[in-house]
Amino acid sequence: MSDLAPGTATRTAEGLDAFIAGLPKAELHVHHVGSASPRIVAELAARHPDSSVPEDPAALAEYFTFRDFAHFIQVYLSVVDLIRDPEDVRLLTFEVARDMARQNIRYAELTVTPYSSTRRGIPGPAFMEAIEDARRAAEAELGVTLRWCFDIPGEAGLESAEETARLALVGQPDGLVSFGLGGPEIGVPRPQFKPYFDRARAAGLHSVPHAGETTGPQTVWDALRELGAERIGHGTSAAQDPRLLEHLAEHGIPLEVCPTSNIATRAVAVLEEHPIRQMVDAGVLVTVNSDDPPMFGTDLNTEYGVAARLLGLDRAGVAALAKNAVQASFLDARGKAGIAAEIDAYTASWG
């Protein structure tokens, strides 16, 4: 940018940020509890004063500063412990959708971990009713379409896998589209969860496990070969294996990339070293996501700005990135076409 006049780069960045803010978007990798805003977390903490989570929204910024991935999981689970009854579930879900609406997110596949709630005493049917009620209200009142990915908390072992599969397949709510696997990867091999993914896939659910976030490329291969992954959550280490990148590109398997999350959890040392450029250059379908946005001090608009800088994108490039998420989603064809048309019309309005 050395040939630009002073201040031009700043004005260009500001213009791109404004474009991103109004851009219709879809999000594919964002966690239910991890999306709780400081206001909602503080409200829940006040309702449950025996928790270690601060009640002061200002103190949450320090509380959400993570030493490493293990510390992130510890903090995350302390917030999970604030969701103790169906009213908490419904409030959280609707307020997450409200925050999405403010960012012009039209569609989101929210990763939900029902086991974390049912093991704390919320009956499965009551949990399902709460998220479904919030989903219907979000679409009617906010214009945000929500779908669910029920994921296994890997650190809780096969007991959690069995319970998650049971909830997904017996109590299957209308908004459920996929089956996932989250939590720590180190010491939690993917192949052990194959029977549960087999059952979910046989019932028509899509396979979207986390893999290659804090472990090497073999975890991604395991997710593909053993769990039948149709999308990969994170997949950060895939860039270490050219053959894996080639496989992902050849088979059209998208990666759900979350740049700021990877820095916050120390999965990537610094933003400049993030492998998103290698992924795109290899022809992999990359989507940009926020993961646990308030915990990482980000949101989807911010993540698009980060990706635009890392990839050197202009407005057309950012719009194409937004359409990647629509393409990689499990929304029906009519819904995909509708959001894609919105993106095109919005982009055209900017000239």
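Residues numbered from 1 in each chain as written. Predicted model: local features only at pLDDT ≥ 70, side-chain atom pairs only at ≥ 80, totals over all residues. Heavy atoms only, no water.

**Q** Quick one: what's the story with the sheet that holds strand S9 (residues 286–288), residue by residue and with numbers?
**A** By definition, the strands of a sheet pair up through backbone hydrogen bonds, in either a parallel or an antiparallel sense. What the four strands build is an open sheet, ordered S6-S7-S8-S9; its pairing is parallel. The sheet terminates laterally at strand S6 (210–211) and S9, the two strands that pair on one side only. Bridge count between strand S8 (residues 255–257) and S9: three bridges; the pairing is parallel. Across the sheet, residue Glu256 finds its bridge partner in S9, namely Thr287. (Pairing = 2+ DSSP bridges. Helix = DSSP H or I, 4+ residues; strand = E, 2+ residues; numbered from the N terminus.)

**Q** Summarise the packing of aromatic side chains; cite the residues concerned and give the values.
**A** Using the criterion set out here, one finds four aromatic pairs in the structure. On the numbers, 5.2 Å between centres and 35 degrees between planes, the contact of Phe19 with Tyr346 is tilted. Of this pair, Phe19 sits in helix H1 (residues 8–22) while Tyr346 is found in helix H16 (residues 333–349), placing the two residues 327 residues apart along the sequence. Classification of Phe19 by relative accessible area gives buried; the value is 0%. Taken together, a centroid distance of 5.3 Å and an interplanar angle of 85 degrees make the contact between Phe19 and Trp350 edge-to-face. With Phe19 in helix H1 and Trp350 in the segment after H16, this pair connects stretches of sequence that are 331 residues apart. Linked through ring pairs, Phe19, Tyr346 and Trp350 together constitute an aromatic cluster. (Phe/Tyr/Trp six-rings, centres within 6.5 Å; stacked < 30°, edge-to-face > 60°. Buried < 20%, exposed > 50% of the residue type's maximum accessible area, 1.4 Å probe, protein only.)

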